[in-house]
Amino acid sequence: AQTVTQSQPEMSVQEAETVTLSCTYDTSESNYYLFWYKQPPSRQMILVIRQEAYKQQNATENRFSVNFQKAAKSFSLKISDSQLGDTAMYFCAFMIEMNYGGSQGNLIFGKGTKLSVKP
Amino acid sequence: DTAVSQTPKYLVTQMGNDKSIKCEQNLGHDTMYWYKQDSKKFLKIMFSYNNKELIINETVPNRFSPKSPDKAHLNLHINSLELGDSAVYFCASSQVSGLGSYNEQFFGPGTRLTVL
């Protein structure tokens, strides 16, 4: 069974600074995807960034980047130049590559990290 | 032009009642999902469904049943509601197979269910 662990229940960062959120996962699969989702107080789930396990290059999306260490099963999210609007719950999620083992793309989530950006 | 919509956004009901939450997606996706987010914010898959197969998380009580009248809709029916069913329920969709398949799931806004 796949598991996702986020060891930091809460974090805070000053506006304009950089923060890193940790995520580790456990799987015996070799083909999978990793995601970071953001859930602001509005409750909407928003995809922040995605990483394919077969890609060695770390994904980046503007101020968001990941450090993907496949051997260590680690997938951390770095937020640069933090903004007040980054205040949210952040969820790390894992998905087996579709069409493997009957998966239809179910996301397995970590318990989340509550990030507060302070002015 | 909301991609994934859910109704209602809030639902307050008494124990023992039967209720439904509706979900619609206008993205043309072939697979839809229901997730439950509990009071500690933990999100867990309940069902995934495409026009061929329903996959049920084994931990979901059989009081919960998804019903899909067509490819764009996946409604969630809950019978004999219990206090522990109080949660936020999210619908999502993605394109799993064929041309244009990718791995992003688009989520609805969620339905907060409160059972009294």
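The structure under discussion appears in the preceding block.
First things first, this report covers the structure right here in the doc. Note that the coordinates shown come from a computational prediction; the quantities given were computed from them, not determined experimentally.

Thresholds applied
- Residues numbered from 1 in each chain as written.
- Chains lettered and ligands numbered in written order.
- Predicted model: local features only at pLDDT ≥ 70, side-chain atom pairs only at ≥ 80, totals over all residues.
- Heavy atoms only, no water.
- Helix = DSSP H or I, 4+ residues; strand = E, 2+ residues; numbered from the N terminus.
- Rg over C-alpha atoms; globule rule 2.2 N^0.38 Å.
- Buried < 20%, exposed > 50% of the residue type's maximum accessible area, 1.4 Å probe, protein only.
- Contact = heavy atoms within 4.5 Å.
- Salt bridge = Lys/Arg side-chain N within 4 Å of Asp/Glu carboxyl O.
- Phe/Tyr/Trp six-rings, centres within 6.5 Å; stacked < 30°, edge-to-face > 60°.
- Pairing = 2+ DSSP bridges.
- Axes fitted to C-alpha atoms, helices over the stretch in contact; angles between N-to-C directions.
- Disulfide = S-S within 2.5 Å.

Check the secondary structure of chain A and you find zero helices and twelve strands. Mapped from its N terminus to its C terminus, chain A presents α and β elements in the order β-β-β-β-β-β-β-β-β-β-β-β. Over its C-alpha atoms chain A spans a radius of gyration of 14 Å, differing by no more than 12% from the 14 Å that the globule rule assigns to 119 residues. Principal axes of the C-alpha set define a box for chain A whose edges measure 45 × 30 × 25 Å. The proportion of buried residues among the 119 residues of chain A is 50%. Once local pairs closer than 6 in sequence are excluded, the contacts in chain A between residues at least 24 apart make up 57%.

Quick look at the pattern of salt bridges now. Here the structure, examined in full by the defined rule, presents six salt bridges over all chains. For B:R63, the salt bridge is made with B:D85, and the minimal N-O distance between the two is 2.8 Å. Of this pair, B:R63 sits in the loop between strand 6 (54-56) and strand 7 (64-67) while B:D85 sits in the loop between strand 8 (75-78) and strand 9 (87-94), and the two are 22 residues apart along the sequence. By sharing partners, the salt bridges in this structure join A:R50, A:E52 and A:K55 into a single network.

In this description, a pair of aromatic rings is defined by centroid distance and the angle of the planes. As enumerated under the stated definition, the model contains 15 aromatic pairs over all chains in all. Ring centres of A:Y37 and B:F107 lie 5.4 Å apart, and the angle between their planes is 75 degrees; this geometry places the pair in the edge-to-face category. A residue pair is termed interchain when its members come from two chains, as with A:Y37 in strand 5 (residues 32-39) and B:F107 in strand 10 (residues 106-107). Three or more aromatic residues joined by ring pairs make a cluster, and in this case those are A:F35, A:Y37, A:F91, A:F109, B:Y33, B:Y35, B:F90 and B:F107.

A separate point is the sheet that holds strand 3 (residues 19-25) of chain B. All names here are of chain B. Taken in spatial order, the four strands line up as 1-3-8-7 in an open sheet, and their pairing is antiparallel. Across the chains shown, the open sheet's two edge strands, defined by having one partner strand only, are strand 1 (4-7) and strand 7. With direction set aside, neighbouring strand axes in the sheet form an average angle of 20 degrees. One ladder, built from three bridges, connects strand 3 with strand 8; its direction is antiparallel. Within strand 8, the residue paired with S20 across the bridge is H77.

Another point: the state of the cysteines. Evaluation of the coordinates by the stated rule reveals two disulfides over all chains. A sulfur-sulfur distance of 2.0 Å marks the disulfide that ties A:C23 to A:C92. Judged by the sign of its S-S torsion, about -70 degrees, the bond between A:C23 and A:C92 is left-handed. Here A:C23 is found in the loop between strand 3 (19-21) and strand 4 (24-26), whereas its partner A:C92 is found in strand 10 (residues 88-96), with 69 residues between them in sequence. Under the relative-accessibility criterion, A:C92 is labelled buried at 0%. A disulfide bridge connects B:C23 with B:C91, and the sulfur atoms are separated by 1.8 Å.

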